Amino acid sequence: MLLVVAILLGGLGYVAARSGGWNLGDKLVHAITCAVGGGCEDDEDTLTVAYGSATAELVRRYSPNVAYEARSAELPVDFRRCRKLECSNGPAAATAVDRSSAGLDVTAFTRVVDRRAEGGALFVQYWFYYPESFSGGIGRIFGHRWPGYHPDDWEGLQLMVRPNAPVLARATAHGGYGSGWTRWTGWYRVLGGSHAGQVASNGDGERTTPARSLTLTPLERLQRAGQQRFAVLPPWLKQVYSDPESAGS
């Protein structure tokens, strides 16, 4: 009976979703996806469940203030809720923003690799999903016809937390990490279009998402995430997911 109800509701959701946008149809499809296997959790304490209270506190403490270059309207969102531009686009004004114009939370997916027991560091990864990627302003002009365009985009910020040493950070950029590990400032800057990242000093004059406003979702708690298909490798299929010192992003 549950299967029959799910099929009926799924058909209703599809019909409703045809009207476009993050509307009742999208929300209905999302609810069914989560119930059947998406595993969408809204529990505020999922970080503690995933990592324990002490490590969860570090994940929160070092979460980034995010600044967005003006050339892109996209905000990072939860891919399980929506994978369309109209869900992720946000206001262009240089102000604090914690939700897209469609009401979706600005989201960072987290991943922790703890090597402290072996005398190593605690590695904390923050991964950001965008429905599309354009390679700079020219990509915005030519859209899908531009060779640099692709659907789905995963970008990330990674921290290395060591005892009695400065916290180091590096940001994904065009398949690598730009200048590599550098001292963490608390600010992560997203370039317009391609969403490549930089460790920044501030977010003056740009849209920003304060660290306290980020919705943090541990990747370790996602159920059956592998059922999702992306045009680019998602974090859990990247080498750096298991080897946090890997040079590939």
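In what follows, the structure referred to is the one given above.
Residues numbered from 1 in each chain as written. Predicted model: local features only at pLDDT ≥ 70, side-chain atom pairs only at ≥ 80, totals over all residues. Heavy atoms only, no water.

Caption draft 1: Just the packing of aromatic side chains, in detail. Throughout the structure, instances matching the rule amount to 13 aromatic pairs. Here the aromatic rings of F79 and Y129 are separated by 6.1 Å at their centres, their planes lie at 65 degrees, and the arrangement is edge-to-face. With F79 in the loop between strand 1 (65-68) and helix 5 (85-88) and Y129 in strand 3 (residues 122-133), the pair connects residues that are 50 residues apart, well separated along the chain. Take F79: its relative accessible area is 3%, and that puts it in the buried class. Ring centres of F230 and W236 lie 6.0 Å apart, and the angle between their planes is 70 degrees; this geometry places the pair in the edge-to-face category. W236 shares its class with F230; the two are buried. One aromatic cluster in this structure is built from F79, F109, Y129, W154, F230 and W236. Residue placement shows R207 over the ring face of Y68; its charged tip is 4.9 Å from the ring centre. (Phe/Tyr/Trp six-rings, centres within 6.5 Å; stacked < 30°, edge-to-face > 60°. Helix = DSSP H or I, 4+ residues; strand = E, 2+ residues; numbered from the N terminus. Buried < 20%, exposed > 50% of the residue type's maximum accessible area, 1.4 Å probe, protein only. Lys NZ or Arg CZ within 6 Å of the ring centre and 35° of its normal.)

Caption draft 2: Summary view of the sheet that holds strand 7 (residues 187-190). Sheet architecture is open: 4 strands sit in the order 8-7-1-9, paired in mixed fashion. Edge positions in the open sheet fall to strand 8 (197-200) and strand 9 (207-209), since each of these has one partner strand only. Averaged over all pairs of adjacent strands, the angle between their axes in this sheet comes to 25 degrees, without regard to strand direction. (Pairing = 2+ DSSP bridges. Axes fitted to C-alpha atoms, helices over the stretch in contact; angles between N-to-C directions.)

Caption draft 3: Spotlight on the pattern of salt bridges. Enumeration according to the criterion identifies 10 salt bridges in this entry. We note a salt bridge from D105 to R99, for which the minimum N-O separation is 3.1 Å. Looking at D105, the relative accessible area reads 30%, which means it is partly exposed. Take R99: its relative accessible area is 43%, and that puts it in the partly exposed class. Connected through salt bridges with shared partners, the residues D78, R80 and R81 form a single ionic network. (Salt bridge = Lys/Arg side-chain N within 4 Å of Asp/Glu carboxyl O.)

Caption draft 4: Focus on the pairing of strand 7. Here strand 1 pairs with strand 7 via 4 bridges, running parallel. What sits directly across from N65, in strand 7, is W187. In the sheet, strand 7 pairs with strand 8 via 4 bridges, with the strands oriented antiparallel. Bridging across to strand 8, Y188 finds its partner in V199.

Caption draft 5: Summary view of helix 4 (residues 53-61). If you check which residues of helix 4 are buried, you get T55, A56, L58 and V59. Along helix 4, the residues classed as buried sweep out an arc of 155 degrees about the axis, all on the same side. For helix 4, exposure combined with an orientation more than 90 degrees from the buried face picks out S53, A54 and R61. Packing partners of the buried residues in helix 4 comprise helix 3 (46-51), strand 2 (107-114), strand 3 and strand 10 (215-218). (Arc of directions from axis to C-beta. Contact = heavy atoms within 4.5 Å.)

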